[in-house]
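# Commentary on secondary and tertiary structure
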Amino acid sequence: MKNRITDVFASGKKNILSVYYTAGFPTLNSTVAIAEALEKGGADIIEIGIPYSDPVADGPTIQESNKIALDNGINLPMILEQVKTIRKTVKLPIILMGYVNPVIQYGIEKFAKDASAAGVDGVILPDLPMDAFLEEYKPVFDAVNLSNTFLISPTTSEERIRRIDAVTEGFIYAVSASSITGAKADFAGPQLQYFDKLKQMKLKNPFLIGFGISNNATFATASSYGAGAIVGSAFINVLKASTNISADAQAFATSLKTKA
Amino acid sequence: MKYTVNEKGYYGKFGGAFIPEMLYPNVEELRTRYLDIIYEAGFQKEFQKLLRDYVGRPTPLYLAKRLSEKYNTNIYLKREDLCHTGAHKVNNTIGQILLARRLGKQKIIAETGAGQHGVATATVCALMGMECVVYMGKIDMERQRPNVERMRILGATVVPALSGSMTLKDATNEAMRHWINNPTDTHYIIGSVVGPHPYPDMVARFQSVISEEMKKQLQEEIGNPFPDYVFACVGGGSNAAGAFYHFLNDEHVTLVAAEAAGHGVDSGESAATTALGKPGVLHGSKTILMQTDDGQVVEPYSISAGLDYPGIGPQHAHLFDVGRAKFVSITDEEAMNAGIELSRSEGIIPAIESAHALAAMNKFTFEKDDVVVVNLSGRGDKDLETYIRWGKY
């Protein structure tokens, strides 16, 4: 498979910064401006959340952004239109992250086709199990060059990590702790041991560390083990408090990438 | 066997385990071990003894004479309302807490809507001396205050679910999040036949004691273990799953599931999942789900907090899909009338959930020699305030 995601990792780039935000939050049409600002600020991958009524893997920050976005009237067809607009200017890989039910309702094949046509490069669906993925999703994703990313956590067995690695083309999302999403202050010893174990496993896919990345220091630590890191809740908090979304989004990406 | 779960965790096209990877080790541990644990002789001995001495099983199968006269048939009530804690829910919590101990877990979490499952969980945690946290929607806590206090008296911590619509589905979300955050020392006792595989099958097995007893009792009473009809209400569907379990392959037994139509199926205020829902994924399994065209889960409504759930268990979705069970929609009014009718004719005030099953009999025409069993899943004490507000008695 070859798409903007595989290209970024193939380039050998270090400290890859992937930034998550929720489509339709804080306002219905802020999705496009945020993507443009993140690219200017130096982000390497953009993850756009598809809001869902029941986001079980998410902490309060992302739950709230989902709810506000849904109240703003966002839906999946609108998100695909926003991605089309983003693609007119933005070159970065774009990933859609959400829960499986809205994708099922949209239609799996139609989703893959429309997402790819809009300029999406990859998908993260945390509640999509591997067996269902291999049976129903992988063939249609492969046909349109959509990468699928699985999550792994500190409780994922080595055997299962290897299986996930084998069916992944793009990258693996290493959840930093046994937890839902949310910004935390710092990493503890067991987390660093887990990152180190992943590094030593020499997987065929690169991994990005996510959950609990909140600032320049945690980003730098995570990036020293994996190919880079993913930040979500901390950015949502910035957007929530912001009065100038474009300027603050750009500054946020820049601040994470700037060596402390 | 075509109505029970297959080796992949599916009932036809429904079921599975749609869970975040963070929950995979827990659910996988359960999946690989639950059958060995619950059919081990020592487990069964302890389970059966508690069901007898603590829960009060077997529950009676009672021939409701005056109700039978009214319908001109033979109506038996399976008296789950006489279980300790007032409903069938405790059959499952006893089973799961024994399982949790054998898995080496020290802490228990649960979700609850009306509070019946929360009370049943708090009860067995007190019995076993285990720490108990129950998630309950903030709105449900306000409408079911006595059950909140019952749980607290029993030593449980009741945590308000403040997300989403602050009712049962959100309490379930919060319990799942708690489990993600505490994966090693905690067991999640799901209260219905919902959730990722193996929960729907495991809970159905613990509740299957209901139909097991029905068969024995009918054999003794009428010399034939098979009724013509079994009626049960369905929110998530655990009492129905237990009442149907041992009749699934006996196609001559008509299985009837009563769903809550609230103010009417088309009123916009209803919980009639099969009438209004479409296939989708909620709380870890593929099932039939009330949702918008865009796949957002819709908040249901019923006068009965125990039926106020936007999905049904995946086995029920399958039984509906292949036509093995008949699903009927019962409005608030039909259920309340049936509850008052049973109170007047038999001296039994039923839970409003169970009143939906009673009301469903009105949608059928019985023969004089038919044998009809209604699973009276719970008693009405918890619903007194609703009965009083309803007022028409």
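In what follows, the structure referred to is the one given above.
Residues numbered from 1 in each chain as written. Chains lettered and ligands numbered in written order. Predicted model: local features only at pLDDT ≥ 70, side-chain atom pairs only at ≥ 80, totals over all residues. Heavy atoms only, no water.

### What to know about the environment of Asn 3 of chain A
Residues and elements named next belong to chain A. Mapped onto the fold, Asn 3 is located in the segment before helix 1 (4-10). When the C-alpha atoms of Asn 3 and Met 201 are compared, they prove to be 25 Å apart, with 198 residues separating the residues in sequence. At a separation of 3.2 Å, a polar atom in the side chain of Asn 3 contacts the main-chain carbonyl oxygen of Asp 121. (Helix = DSSP H or I, 4+ residues; strand = E, 2+ residues; numbered from the N terminus. Polar contact = N/O pair within 3.5 Å; in protein donor to acceptor, adjacent residues only side chain to side chain.)

### Focus on the pairing of strand 4 (residues 74-79) of chain B
Residues and elements named next belong to chain B. Judged by how many residues are buried, strand 4 sits mostly within the fold: five of six residues are covered. Two strands pair when backbone bridges link them, and strand 3 (residues 61-63) and strand 4 are joined in this way by three bridges, in the antiparallel orientation. Counted as the bridge partner of Tyr 62 is Leu 77 from strand 4. Taken together, the six bridges between strand 4 and strand 14 (residues 371-376) define a ladder with parallel strand orientation. Along strand 14, the bridge assignment pairs Ile 75 with Val 372. (Buried < 20%, exposed > 50% of the residue type's maximum accessible area, 1.4 Å probe, protein only. Pairing = 2+ DSSP bridges.)

### Quick notes on the environment of Thr 258 of chain A
Residue placement: Thr 258 of chain A occurs in the segment after helix 12 (245-257). A C-alpha to C-alpha distance of 20 Å links Thr 258 of chain A and Tyr 21 of chain A, two positions 237 residues apart in sequence.

### Things to note about empty space enclosed by the protein
In total, this model carries five cavities of 30 Å³ or more according to the counting rule given. In this structure, the largest cavity occupies an estimated 390 Å³ of space. Lining the largest cavity are 31 residues, with Lys 89, Gly 191, Ser 192, Gly 236 and Gly 306 of chain B sitting closest to its centre. Each residue belonging to the lining of the largest cavity can be placed in one class, and the counts come to ten nonpolar, 17 polar and four charged. For the lining of the largest cavity, the domains that each give at least three residues are domain 1 (11-50 + 89-203) and domain 2 (56-87 + 208-390) of chain B. Volume-wise, the second largest cavity comes out at about 220 Å³. Together, 22 residues line the second largest cavity, and Asp 58, Ile 62, Met 97, Tyr 173 and Thr 181 of chain A are the ones closest to its centre. Those elements giving two or more residues to the lining of the second largest cavity turn out to be helix 3 (60-71), strand 9 (228-231) and helix 11 (233-241) of chain A. In terms of residue class, the lining of the second largest cavity is built from 14 nonpolar, seven polar and one charged. (1 Å grid on protein atoms, 1.4 Å probe; cavity = no way out; pocket = protein on both sides within 12 Å on 5 of 7 lines; lining within 4 Å. Points joined across faces, edges and corners; volume = space filled by probe spheres on them. Nonpolar A, V, L, I, M, F, W, Y, C, P; charged D, E, K, R; others polar. Domains from an automatic or database assignment.)

### Things to note about the interface of chain B and chain A
Listed by partner, the interface residues are 33 residues for chain B and 38 residues for chain A. If you sort the residues of chain B by the area they bury against chain A, Glu 21, Met 22 and Arg 177 of chain B come out on top, with a joint share of 24%. The tally of links from chain B across to chain A stands at four salt bridges. A salt bridge links Glu 136 of chain A to Lys 286 of chain B; the shortest N-O distance between them is 3.9 Å. Along the contact surface separating chain B from chain A lie 18 residue pairs in polar contact (both at pLDDT 80 or more). Those elements giving two or more residues to the side of chain B that touches chain A turn out to be helix 1 (24-38), helix 8 (168-181), strand 11 (278-282) and strand 12 (285-289) of chain B. Classifying every residue of the side of chain B that touches chain A gives 15 nonpolar, eight polar and ten charged. (Contact = heavy atoms within 4.5 Å. Buried area = accessible area lost by both parts, 1.4 Å probe. Salt bridge = Lys/Arg side-chain N within 4 Å of Asp/Glu carboxyl O.)

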